[in-house]
Amino acid sequence: MHGPSPRRGLAMADLGVITDGAVLVAGDRIAAVGPRRRIEKLPAAGRAEKCDLGGRVLLPGFVDSHTHLVYPESRAAEYEQRIQGASYEEIARAGGGILSSAQRLRHATRPKLKSRALAHLLQFAAHGTTTIEAKSGYGLDPASETKILEVIRDLRAEQPIEIVATLLGAHFVPPEYRKRPEAYVELVIREMIPQAAEAGLAEFCDVYCDRGAFSVSQSRRILSAGMAAGLAPRIHAEQLARTGAAQLAVELEAASADHLEMINRHDIEALARSRVAATLLPGCGFHLGLTHFAPARALIDAGAIVTLATDFNPGTSPTPSMQMILSLACTQLRFTPAEAIVAATINAAYSLHRAGQIGSLEVGKYADFAAFDVADHREIPYYFGVNHCVLTVKRGRIIHSRLPH
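Residues numbered from 1 in each chain as written. Predicted model: local features only at pLDDT ≥ 70, side-chain atom pairs only at ≥ 80, totals over all residues. Heavy atoms only, no water.

## Structural notes on helix 13 (residues 322-332)
- Within helix 13, nine of the 11 residues are buried, which leaves it mostly tucked inside the rest of the structure.
- One or two steps after helix 13, the chain reaches Arg334, where phi turns positive at roughly 70°. (Buried < 20%, exposed > 50% of the residue type's maximum accessible area, 1.4 Å probe, protein only. Helix = DSSP H or I, 4+ residues; strand = E, 2+ residues; numbered from the N terminus.)

## Quick notes on a nonpolar patch on the surface
- On the surface, Tyr382, Tyr383 and Val386 cluster together into a nonpolar patch covering about 330 Å² of accessible area.
- Examined against the element boundaries, Tyr382 turns out to sit in helix 16 (residues 379-382).
- The class of Tyr382 is exposed, set by a relative accessible area of 59%. (Patch = residues over 30% accessible without salt bridge, like charges linked within 9 Å, V, L, I, M, F, W, Y side chains within 5 Å. Areas by Shrake-Rupley, 256 points an atom, 1.4 Å probe, with all protein chains shown as cover. Salt bridge = Lys/Arg side-chain N within 4 Å of Asp/Glu carboxyl O.)

## Overview of the sheet that holds strand 11 (residues 305-308)
- Reading across from one edge, 4-5-6-7-8-9-10-11 is the order of the eight strands in this open sheet, with parallel pairing throughout. The open sheet has two free edges, formed respectively by strand 4 (62-64) and strand 11, since each of these has just one partner strand. Neighbouring strand axes in the sheet, compared pairwise and without regard to direction, differ in orientation by 25° on average.
- Pairing of strand 9 (residues 256-259) with strand 10 (residues 277-280), which is carried by three bridges, proceeds in the parallel orientation. Within strand 10, the residue paired with Ser256 across the bridge is Ala277. (Pairing = 2+ DSSP bridges. Axes fitted to C-alpha atoms, helices over the stretch in contact; angles between N-to-C directions.)

## What about the packing of helix 7 (residues 181-198) against helix 8 (residues 216-228)?
- Two numbers describe how helix 7 lies on helix 8: the axes approach to 10 Å, and their chain directions differ by 10°. By the criterion of interaxial angle, the relationship of helix 7 to helix 8 is roughly parallel. Mapping the contact onto sequence places Pro181, Glu182, Val185, Glu186, Val188, Ile189 and Ile193 in helix 7 and Gln218, Arg221, Ile222, Ala225 and Gly226 in helix 8.
- Among the residues making up the contact of helix 7 with helix 8, the classes are represented as seven nonpolar, two polar and three charged. (Parallel < 35°, antiparallel > 145°, perpendicular 65-115°, else oblique. Contact = heavy atoms within 4.5 Å. Nonpolar A, V, L, I, M, F, W, Y, C, P; charged D, E, K, R; others polar.)

## A short note on the packing of aromatic side chains
- Tallied over the full model, the rule gives six aromatic pairs.
- Plain terms: the ring middles of Phe62 and Phe372 are 5.6 Å apart, the flat faces sit at 55° to each other, and that makes the pair tilted. Here Phe62 is found in strand 4, whereas its partner Phe372 is found in strand 12 (residues 369-372), with 310 residues between them in sequence.
- With relative accessibility at 0%, the residue Phe62 sits in the buried group.
- Ring geometry for Phe124 against Phe312: centres 5.2 Å apart, planes inclined by 80°, an arrangement best described as edge-to-face. Of this pair, Phe124 sits in helix 5 (residues 110-126) while Phe312 sits in the loop between strand 11 and helix 13, and the two are 188 residues apart along the sequence. Each member of the pair, Phe124 as well as Phe312, carries the same accessibility label: buried.
- An aromatic cluster is present here, built from Tyr71, Phe124 and Phe312 joined pairwise through their rings. (Phe/Tyr/Trp six-rings, centres within 6.5 Å; stacked < 30°, edge-to-face > 60°.)

## Examining the environment of Gln81
- Among the structural elements, Gln81 can be located in helix 2 (residues 76-83).
- Sequence spacing of Gln81 and Gly364 is 283 residues, and the spatial spacing of their C-alpha atoms is 50 Å.

## Thoughts on the pairing of strand 7 (residues 204-209)
- Across the six residues that make up strand 7, a large majority, six, are buried.
- Burial along strand 7 is two-sided: Phe204, Asp206 and Tyr208 and Cys205, Val207 and Cys209, pointing in opposite directions, are all buried.
- With three bridges connecting them, strand 6 (residues 162-170) and strand 7 associate as parallel partners. Its bridge partner being in strand 7, Leu167 is matched across the sheet by Cys205.
- Each parallel crossover has a hand, and for strand 6 linked through helix 7 to strand 7 it is right-handed.
- Bridge count between strand 7 and strand 8 (residues 232-237): four bridges; the pairing is parallel. Bridge assignment links Cys209 to a residue of strand 8, and that residue is Ala237.
- For the crossover from strand 7 across helix 8 to strand 8, the handedness is right-handed. (Right-handed = clockwise from strand over helix to strand, strands pointing away.)

And the structure:
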């Protein structure tokens with residue numbers, strides 16, 4: 001994936017595959033990459049420890065640019081309710097969904113939240129992910145949102161996966177503000193955003209702009225306040241209904257507009273002309289049992305910056321596996337395997353403002369990569385539901401290995 005980023009259109013099909021290749025790592029950086037015979041002739045290669053992958057596929061580590069990492073417990077009961085016919089919105093109106101997670105999180109201790117998140121991070125690493133974005137959003141009051149962001153800060157220091165923090169105080173209107181949602185918007189603007197920004201707890205500010213959540217005007221106010229405080233905008237857009245959120249993302253030059261299941265031709269054209277990453281989350285539709293997915297082919301063919309992520313969360317996409325997301329992207333959204341890999345690496349890195357550091361195997365970038373026990377990159381999505389990852393390296397350090405000793 002070396003070369004210009006982000007990738008658009010036909011460039012998404014170009015992986016720059018190196019047959020019988022090698023990567024030379026010095027410290028936490030890539031020192032050289034290319035055909036094995038050339039790399040082995042370099043003076044530094046003679047002093048290096050060699051790891052022979054036996055013809056396996058080596059990729060940049062997956063960059064998962066949309067997760068809800070910190071939450072108190074699963075929502076498996078709601079999963080069963082949906083199987084029996086209840087819709088996501090019906091469950092939410094009955095006090096389930098985001099609100100049930102928020103109620104439990106407010107009473108959860110930091111050690112419990114951290115322990116659960118650490119277990120999830122081990123799974124991310126085991127599936128080949130080296131960088132994730134993690135949102136707050138299950139607190140819905142200043143103290144609880146800060147608690148989540150502080151747990152994310154602690155996790156960043158205590159384990160190797162890079163975590164990019166996002167404030168999502170505007171995830172849903174909590175019950176105590178149900179009759180006065182504007183007051184909650186003001187709480188996000190006046191308290192949550194300043195607290196997160198001043199303490200350096202978040203890099204991005206996100207908002208759930210959709211039917212039953214926050215309007216375009218409310219979202220514009222929240223994201224503008226975040227920008228004024230130094231938090232770059234991201235936005236949950238057009239998942240359940242077309243609201244104009246994608247156009248708002250373009251207007252504000254957001255880092256990413258995520259979901260996009262309900263966008264129309266005008267939204268696609270606007271995204272294609274912009275620098276906004278269109279982050280697609282097929283795991284969500286799959287877990288909810290939906291048949292309508294985001295129009296990925298139209299976005300790619302129009303020239304939009306298309307990204308893939310897990311949307312890891314307890315209610316609608318409880319998977320840490322970007323490999324499964326690649327399978328869904330290929331079968332349900334009609335990505336080619338190469339396009340899916342680009343969307344999950346260099347384009348995802350771009351959406352997190354890190355394309356100059358991660359997302360491709362290039363000299364000077366961090367040595368973030370993963371090896372897969374397949375002979376061809378197309379076999380990663382082809383064998384769906386299988387974890388092919390045998391080695392994950394973050395900044396030159398092995399963080400997961402199933403290779404024989």
